[in-house]
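Architecture at a glance
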Amino acid sequence: QVQLVESGGGLVQAGGSLRLSCAASGFTFSSHTRGWFRQAPGKEREVVARIGWTANIVYYAESVRGRFTVSRDNAKNTVYLQMNSLKPEDTAVYYCAAARFGVYLNDYQKYDYWGQGTQVTVSS
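It should be emphasised that the depicted structure is a prediction, and the values quoted were computed from it without experimental measurement.

1. Brief notes about the overall build of the protein
Helix and strand content of the protein: zero helices and 11 strands. Counting from the amino terminus, the protein carries its helices and strands in the arrangement β-β-β-β-β-β-β-β-β-β-β. Here the C-alpha atoms of the protein give a radius of gyration of 13 Å, agreeing with the 14 Å that 2.2 N^0.38 yields for 124 residues. When the 124 residues of the protein are sorted by exposure, 44% land in the buried category. Taken as a whole, the protein presents about 6500 Å² of accessible surface, with 47% of it coming from carbon and sulfur. Charged side chains of the protein number 13 positive and 9 negative; the gap between the two group centres comes to 4 Å.

2. Brief notes about the packing of aromatic side chains
Per the counting criterion, the structure on display carries six aromatic pairs. On the numbers, 4.8 Å between centres and 55° between planes, the contact of Phe27 with Phe29 is tilted. According to the relative accessible area criterion, Phe27 is partly exposed, its value standing at 33%. On the basis of relative accessibility, which here comes to 0%, the residue Phe29 falls in the buried class. Through a chain of ring-to-ring contacts, three or more aromatic side chains come together here, namely Phe37, Tyr95, Tyr111 and Trp114. The lysine or arginine in question, Arg19, covers the ring of Tyr80, its NZ or CZ lying 4.0 Å from the ring centre.

Calculation notes
- Every chain is numbered independently, its residues counted from 1 as its sequence is written.
- With the structure being a predicted model, the display of local features is reserved for residues of pLDDT at least 70 and the display and counting of side-chain atom pairs for 80 or more, all residues being used for whole-chain, interface and lining totals.
- For the side-chain quantities, the full set of heavy atoms in the structure was used; hydrogens and water were omitted.
- Helix and strand definitions here come from DSSP, where helices need a minimum of 4 consecutive H or I residues and strands a minimum of 2 consecutive E residues; each element is numbered from the N-terminal end.
- Only the C-alpha atoms count toward the radius of gyration. The rule for a globule is 2.2 Å times the residue count to the power 0.38.
- Each residue gets one of three labels from its accessible area relative to the maximum for its type: buried under 20%, exposed over 50%, partly exposed in between, using a 1.4 Å probe on protein chains only.
- The Shrake-Rupley method, run with a 1.4 Å probe, gives the accessible areas here. Residue values count only the displayed protein chains as cover.
- Here Asp and Glu are counted as negative and Lys and Arg as positive; His is not counted, and neither are the chain ends.
- Every charge is mapped to an atom, namely NZ of Lys, CZ of Arg, CG of Asp or CD of Glu.
- Aromatic pairs are defined between Phe, Tyr and Trp rings, using the six-membered ring for Trp, whenever the two ring centres lie within 6.5 Å; interplanar angles under 30 degrees are classed as stacked, those over 60 as edge-to-face, and all others as tilted.
- Should the NZ of a Lys or the CZ of an Arg lie within 6 Å of a ring centre and within 35 degrees of the ring normal, that charge is described as sitting over the ring.

Rendered as structure tokens:
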């Protein structure tokens, strides 16, 4: 049974930092695209960042570029999202995801496995 478990969310003041982790079990995702998405109340789920089998294949949404960094540790089957200079508009539930196929995947419907989500709240 494949499981993705996120951790690291919480409440932080604007300008602060958080680091999200997503540990996978039940399947080795070292060669697969991993993504981070977020969903704020009343809004659609949107891609935040994704990383391919190599760290050279990364993508960031324009809204987080320069502030967030996605990375992966294949030995731990884990991906990370370092979030710096957080803004109130970053407030959302953050989800990690993994895809069985595909590389340049920004559409959440292309991902096959999802974590339960972790709340990130940024106060002004």
